[in-house]
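# What the coordinates show
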Amino acid sequence: MNTSTLSHSQLMRYNRHIVLPQVDLDGQELIARARIAVVGVGGLGNAAAMSLTGSGVGHLTLIDNDCVEDTNLPRQLLFSQQSVGENKATAARDALRPLNPDAQFTCIDGALTGDDALSLLAGHDVVLDCTDNKATRLAVNAACVRHQTPLVSGAAIRFEGQLFVGHPVCPPCYHCLGELFSEQQLSCTEAGIFSPVAGIIGTYQAMLALQIIIGTGDIPYGKLMCFDALEHQWQSFSVPRSPACPLCTNR
Ligand SMILES: [Zn+2]
């Protein structure tokens, strides 16, 4: 008798997950109940949303105020020539639906600022920061600290990728990390991006989110992980709590 909250067809579909002792039936049920927000549905967000949807995440919130452009297509693989001009969040949802008919989606066509981020990101189990601008990153981080929600932040440019995972209650946070770097900011428009690097980092964000949901693996909380696609190396650094961080003073 099937006593799982998963249907028979879901048990068949996710069999390759369920046979892993680290996932098991309990883990797959947690994935099915999970609500995950993907902020930014560009190169990172496409790869992350694809992996999360395929893996059986129950609810995805997709947030982006950009429209699909021709120059996105080499790495934003949910989009096609027909998507050009459409909002990225709704175009991604339309491409993801056939991948998993059980998944639910909320699409938000907007940019996240302080108050918006706080209300729109409430009630999620994990938030993925897949954006490319610092103001949004800081707003998303502040909301995650307030809601005590784990944050998986990703970045990709040229042949380089970065990941940072913010703990729900312990410092450091993304703001602490930002204190370590100068304001200099390059966008992929100016600097370029090697397409598969965005896929690697976005997929890694999805993997970390699933591991947080099911509570398996050694989550690199508070670490900055850097990927070099030319040397084919990962390096990991512990990020110190910043004494100047207004969000971590009482954490
Ligand atoms: Zn902080």
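Procedures and definitions
- Residues numbered from 1 in each chain as written.
- Predicted model: local features only at pLDDT ≥ 70, side-chain atom pairs only at ≥ 80, totals over all residues.
- Heavy atoms only, no water.
- Helix = DSSP H or I, 4+ residues; strand = E, 2+ residues; numbered from the N terminus.
- Pairing = 2+ DSSP bridges.
- Axes fitted to C-alpha atoms, helices over the stretch in contact; angles between N-to-C directions.
- Contact = heavy atoms within 4.5 Å.

What follows deals with unusual backbone geometry. Cis geometry is adopted by the peptide bond preceding Pro-172, which originates at Pro-171 and carries an omega value of 0 degrees. Summarising the element assignment, Pro-172 is placed in the loop between strand E6 (160-166) and helix H8 (174-179). Its identity is not glycine, yet Asp-24 carries a phi of approximately 65 degrees, on the positive side. Summarising the element assignment, Asp-24 is placed in helix H3 (residues 24-33). The phi dihedral of Gln-148 falls on the positive side, at around 55 degrees, and the residue is not glycine. Within the secondary structure, Gln-148 is located in the loop between helix H7 (134-147) and strand E5 (151-157).

A few words on the sheet that holds E5. An order of E3-E2-E1-E4-E5-E6-E7-E8 is seen for the 8 strands of this open sheet, with the pairing classed as mixed. Looking at strand neighbours, the two that pair on one side only are strand E3 (104-108) and strand E8 (233-238), the edges of this open sheet. Across the sheet, the mean angle from the axis of one strand to that of its neighbour is 15 degrees, orientation sign disregarded. Across 7 bridges, E5 lies against E6 in antiparallel orientation. Following the sheet pairing, Val-152 is matched in E6 by Val-165. Sheet strands touched by helix H4 (residues 43-55): strand E1 (35-39), strand E2 (59-63), E3, strand E4 (126-129) and E5. Its angle to E2, the strand with the most contacts, is close to 170 degrees.

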